[in-house]
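# Observations on the model geometry
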Amino acid sequence: PNKEMTYKEYQNVRIFQGDGVKLLSHLPCKYLDAILITFPDPWPKEGHSHWRVVQPNVLVEMHRVLKCDGKVFVATDAECFNDWTRNIFTQESS
């Protein structure tokens, strides 16, 4: 394998390594084109669901910071988190 890495400068990519929920409140309205949520802790026990990253109040903040045609991408391998997230998004969109 080639061990050389090629670095390119991108002006439109930002990576935040930390609590993205806390970051949302510091972003201006209609700022992001997309939000990626990748394999968050699913908190599988029913009593722990309030710790899951996707919550109604978080969706309100995501909606605020996303541009009008913005998208949210979610990747998970936990069925409980998938079901939870679909339910929250469905409730909030109605």
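To be clear, the structure that these remarks concern was listed above.
Residues numbered from 1 in each chain as written. Predicted model: local features only at pLDDT ≥ 70, side-chain atom pairs only at ≥ 80, totals over all residues. Heavy atoms only, no water.

## Focus on the packing of aromatic side chains
The full count for this structure, using the stated rule, is one aromatic pair. Its end group placed over the ring of Trp 84, Arg 52 keeps NZ or CZ at 5.0 Å from the ring centre. (Phe/Tyr/Trp six-rings, centres within 6.5 Å; stacked < 30°, edge-to-face > 60°. Lys NZ or Arg CZ within 6 Å of the ring centre and 35° of its normal.)

## A short note on the pattern of salt bridges
A complete count under the given rule lists two salt bridges for this structure. Across the pair Arg 64 and Glu 61 runs a salt bridge, and its minimum N-O distance is 3.0 Å. You can see Arg 64 and its partner Glu 61 sitting in helix H2 (residues 56–65), three residues apart, about one turn around the helix. (Salt bridge = Lys/Arg side-chain N within 4 Å of Asp/Glu carboxyl O. Helix = DSSP H or I, 4+ residues; strand = E, 2+ residues; numbered from the N terminus.)

## Focus: the side chain of Ser 49
Tracing the sequence through the fold places Ser 49 in the loop between strand E1 (32–38) and H2. Non-local contacts of Ser 49, meaning those with residues more than four positions away in its chain, are made with Gln 55 and Trp 84. (Contact = heavy atoms within 4.5 Å.)

## Considerations on unusual backbone geometry
A positive phi angle, near 55°, is found at Lys 30, a position not held by glycine. Taking relative accessible area as the criterion, Lys 30 reaches 39% and is therefore assigned partly exposed. The backbone of Trp 43 shows a phi angle near 45°, a positive value even though the residue is not glycine. (Buried < 20%, exposed > 50% of the residue type's maximum accessible area, 1.4 Å probe, protein only.)

## Overview of the side chain of Arg 52
In this structure, Arg 52 sits in the loop between E1 and H2. As a buried residue without a salt bridge, Arg 52 has its nearest oppositely charged side chain in Glu 46, at a separation of 7.1 Å. At 2.8 Å, the side chain of Arg 52 forms a polar contact with the backbone oxygen of Trp 43. Non-local contacts of Arg 52, meaning those with residues more than four positions away in its chain, are made with Pro 42, Trp 43, Pro 44, Lys 45, Cys 80, Phe 81 and Trp 84. (Lys, Arg positive; Asp, Glu negative; His and termini not counted. Polar contact = N/O pair within 3.5 Å; in protein donor to acceptor, adjacent residues only side chain to side chain.)

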